[in-house]
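# Coordinate analysis (summary)
Given next are the chains, with one letter for each unit.
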Amino acid sequence: MRKLLIALALSLTAGSIHADETIGFKKGDRVVFVGPTFVERTARFGHLETALTLAMPEKELIFRNLGWSADTVMGESRGYEKPQSGYANLLRSIRDTKPTLLFLAYGPAESWAETPEAFTANYQKLLNDLKDLGARKVLVSPFLQENWGPPMPDPAAHNEDLREHTAIIAKLAAKNGLAHISLIDLIKPEVEKGKRLTMNSLHLDDSGYRALAKTFLAKLGLVTPDLDTAKAIRIRDLIREKNALHFHSWRPQNQTYILSFRKHEQGRHAKDLPKFAPHIAEKEQAIRKLLLTPEEQVHLPAKPKPSSWESIKPSKGAQLDMQKLQVPNDLELNVFASEPAIKNPVQAAWDERGRLWVATAESYPHIAPGFVINDKIIILEDVDRDGVADRRQVFADGLLMPTAILPGHGGVYVGTSTEILHLRDTDGDGRADEKTILISGLGTEDTHHVVHSLRHTEDGRVGFNQSIYINTHVETPWGVRRLLKSGVWTFDPNTHDMEVFAYGLVNPWGHETDEFGQSFLTDG
């Protein structure tokens, strides 16, 4: 059976989509993408939507992305209140978005564990349950995993499963009279290092998402436009801003309080969610206006100025507040830094040079429509070593609710909303110019329980915690990792594998080990 299905997949690798007419884009189509991690990240990178927008400007297409890391056709990643509610949440989110053209891109997460029979039955159930939607549907099958050699995994067995799932998708498309776009030829597993399209053998990097856009459009019979013109870059920036606004509207931070069983506390904020729509429409109008603007009239914005050090000192108010605190006689207390040098500090960590890195989150605990998100990573330095910070530098801004921070590996790890990033300054100007998404799929159901307590472990990994109302779903090069509710994670930055180190507790705010390697967790 496996050989038969693989042969079928290979015979359909060229794709059953050859031209725009097959898909039938219509003017004003609401194009919705649904699927796991690679779909979710297309909204972050923006290349595919930019290419489609530029290739068909007269269609005035509207795009929405409903991707969710490690999701399956049964909505396994979407059960933020109850795991069993994920499938109903998937159906509801699709219907609420009112697509006229729906791209379903499942298979990557299922390829790790789900049997072909279960995948076939579950995908057919989803298609049956969406028959009344009225949208034209396209099934998109997954791409392969690159072979990076040790210490990364050998992807041979996984790639065989991906081909098998591609064959199933092709068969389902034919059975249901749907179009099928195969991405199986996007990734060449044995490609040489300089031509790789992923950042960890599994997840596409920027060049990978550019290649995805080119492959996708080619399957549609469209020529990929130049994505490096000033107009394309400006349109892509607007698309990413629009996608972020849409994300906040349908997948808000702090859902437990806004929409779920703790809405009796802050449920009043639910009325704000529809208010994102005018801001999204404003971005779409700006995109259409830019599409009509001659290329020679479009200019790129000025590059950010190098980050400079600013002299600071604690405020008088902070000094007065400190005097009200009492400490034992063998301890001394002083104010290291205060507002306005740092606003809403959430977590801080020292680096090897004695500088304090601070994550600030003015957007906490949830995003209001119209609020300009500009959370920061700030470096504080005590130059004269008197116990008081003398200067500060903004290392990164424009972040979304950073709640965890850890200097390391030539930059800084930052836990921010659904992701853990690694930020680096590659040109020495004091400002982060390289951002790598290491992990996506972290839960944000309750923003005071989200990823926190980043730490270096004794074996060279990075550890972090999550608390009681958080559900995390992550695709790694080694398989899918899930943790529902509280626990402690470890992440290997060399192999990108993740493991659950400990389960349980309520709010494990801290994790330390002694000289014997024994772990101690705080709970609150």
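In this text the structure is predicted, and so the values were computed from the model without any measurement. (Residues numbered from 1 in each chain as written. Predicted model: local features only at pLDDT ≥ 70, side-chain atom pairs only at ≥ 80, totals over all residues. Heavy atoms only, no water.)

The secondary structure content of the protein amounts to 13 helices and 22 strands. Against the 2.2 N^0.38 benchmark of 24 Å for 524 residues, the protein shows a C-alpha radius of gyration of 24 Å, consistent with a compact globule. Considering only C-alpha atoms, the protein reaches an extent of 80 × 60 × 50 Å along its principal axes. In the protein, the share of contacts with a sequence separation of at least 24, taken over all contacts with a separation of at least 6, comes to 64%. For the protein, the accessible surface area stands at approximately 23400 Å², while carbon and sulfur atoms represent 54% of it. Within the protein, one finds 62 positive and 69 negative side-chain charges whose respective centroids are separated by 7 Å. (Helix = DSSP H or I, 4+ residues; strand = E, 2+ residues; numbered from the N terminus. Rg over C-alpha atoms; globule rule 2.2 N^0.38 Å. Contact = heavy atoms within 4.5 Å. Areas by Shrake-Rupley, 256 points an atom, 1.4 Å probe, with all protein chains shown as cover. Lys, Arg positive; Asp, Glu negative; His and termini not counted. Charge placed at Lys NZ, Arg CZ, Asp CG, Glu CD.)

So, about the sheet that holds strand β7 (residues 345-350). Within the open sheet, the five strands sit side by side as β6-β10-β9-β8-β7. Their pairing is antiparallel. A strand with exactly one partner marks an edge of an open sheet, and here the two such strands are β6 (310-311) and β7. Strand direction decides the pairing type here: β6 and strand β10 (residues 391-399), joined by two bridges, are antiparallel. The residue of β10 that forms the bridge with S311 is R391. (Pairing = 2+ DSSP bridges.)

Here the focus is the environment of W250. With respect to the helices, strands and loops of the structure, W250 is situated in helix α9 (residues 230-250). Taking the C-alpha atoms as reference points, W250 and P274, separated by 24 residues in sequence, lie 9.1 Å from one another.

Turning our eyes to something else, we now look at helix α3 (residues 37-45). For α3, a buried count of eight out of nine residues is recorded, marking the element as mostly surrounded by other parts of the structure. Among the residues of α3, those classed as buried are T37, F38, V39, E40, R41, T42, A43 and F45. One or two positions beyond α3, positive phi appears at G46, with a value near 80 degrees. (Buried < 20%, exposed > 50% of the residue type's maximum accessible area, 1.4 Å probe, protein only.)

In an α-helix there are 3.6 residues to a turn, and that puts residues three or four apart on one side. Compared with the 30 Å implied by 1.5 Å per residue over 21 residues, the 30 Å span of helix α7 (residues 156-176) between its first and last C-alpha is a close match. Where α7 ends, the next residue or the one after it, G177, has phi of about 65 degrees, a positive value. (Expected span 1.5 Å × (residues − 1).)

Turning our eyes to something else, we now look at the pairing of strand β16 (residues 462-466). Look at any regular strand and the pattern is simple: side chains alternate between the two faces of the sheet. The buried fraction of β16 amounts to five of the five residues, a majority that puts the element mostly inside the structure. Burial of β16 is two-sided: the residues V462, F464 and Q466 facing one way and the residues G463 and N465 facing the other way are all buried. Across three bridges, the pairing between strand β15 (residues 452-456) and β16 is antiparallel. Residue pairing across strands places H456 opposite V462, the latter belonging to β16. Between the antiparallel neighbours β15 and β16 lie five residues, among them G460 with a positive phi of about 85 degrees. Pairing geometry for β16 and strand β19 (residues 487-491), over five bridges, is antiparallel.

Turning our eyes to something else, we now look at the nonpolar core. Of all hydrophobic cores here, the largest spans 62 residues; its most connected members are F25, F33, L52, F103, F216 and I377. By size, the runner-up hydrophobic cluster in this structure holds 23 residues, among which are L104, F119, L139 and I168. (Core = buried A, V, L, I, M, F, W, Y, C linked by side-chain atoms within 4.5 Å.)

To continue, consider unusual backbone geometry. A cis geometry characterises the amide bond from P150 onward to P151, with omega recorded as 5 degrees. Along the chain, P151 turns up in the loop between β4 (136-141) and α7. Unusually for a residue other than glycine, N344 sits at a positive phi of about 50 degrees. You can see N344 is positioned in the loop between α13 (316-323) and β7. If you check the backbone angles, H409 has positive phi at about 55 degrees while not being a glycine.

Our focus in this paragraph is the pairing of strand β22 (residues 519-522). In terms of strand pairing, strand β21 (residues 510-513) meets β22 through four bridges, oriented antiparallel. The residue of β22 that forms the bridge with E512 is F520. Linkage of β21 to β22, two consecutive antiparallel strands, is achieved through a turn of five residues, within which G517 is found at a positive phi near 85 degrees.

So, about the sheet that holds strand β12 (residues 411-416). Strands sit in the order β11-β12-β13-β14 across an open sheet of four strands; the sheet is antiparallel. The sheet is open, and its two borders are formed by β11 (402-408) and β14 (434-440), each paired with just one other strand. Strand after strand, the sheet turns through a mean of 20 degrees between neighbouring axes, direction not considered. Both β12 and strand β13 (residues 419-424) contribute to a ladder of five bridges, which runs antiparallel. (Axes fitted to C-alpha atoms, helices over the stretch in contact; angles between N-to-C directions.)

On the surface, L325, V327, L331 and L333 cluster together into a nonpolar patch covering about 350 Å² of accessible area. Tracing the backbone through its elements, the reader meets L325 in the loop between α13 and β7. Taking relative accessible area as the criterion, L325 reaches 55% and is therefore assigned exposed. (Patch = residues over 30% accessible without salt bridge, like charges linked within 9 Å, V, L, I, M, F, W, Y side chains within 5 Å. Salt bridge = Lys/Arg side-chain N within 4 Å of Asp/Glu carboxyl O.)

What follows covers the confidence of the model for the protein. In this model, the protein carries an average pLDDT of 91, and 96% of its residues clear a pLDDT of 70 or more. Residue range residues 1-21 is modelled with pLDDT below 50. Its contacts to residues more than four positions away, or to other chains, number 42 contacts. (pLDDT = per-residue confidence, 0-100.)

Further remarks concern the pattern of salt bridges. Counted by the stated rule, this structure contains 26 salt bridges. For R44, the salt bridge is made with E419, and the minimal N-O distance between the two is 3.0 Å. Linking R44 in helix α3 with E419 in strand β13, this pair joins segments that are 375 residues apart in sequence. Judged by its relative accessible area of 22%, R44 falls in the partly exposed class.

As a packed pair, helix α4 (residues 47-55) and α9 sit with axes 9 Å apart at the nearest point and diverge in direction by 120 degrees. Put simply, α4 runs oblique to α9. α9 is crossed by α4, and the crossing has right-handed handedness. Packed against α4, whose contacting residues are H47, E49, T50, T53 and L54, the element α9 presents K231, A232, I235, R236, I239, K242 and N243 at the interface. Partitioning the contact of α4 with α9 into residue classes produces four nonpolar, four polar and four charged. (Parallel < 35°, antiparallel > 145°, perpendicular 65-115°, else oblique. Left-handed = near helix turned anticlockwise from the far one by under 90°. Nonpolar A, V, L, I, M, F, W, Y, C, P; charged D, E, K, R; others polar.)

The subject of this paragraph is the side chain of S93. Within the element layout of this structure, S93 appears in helix α5 (residues 86-97). A relative accessible area of 12% means that S93 is categorised as buried. Discounting residues that sit within four places of it in the chain, S93 has contacts with L66, R78 and W250.

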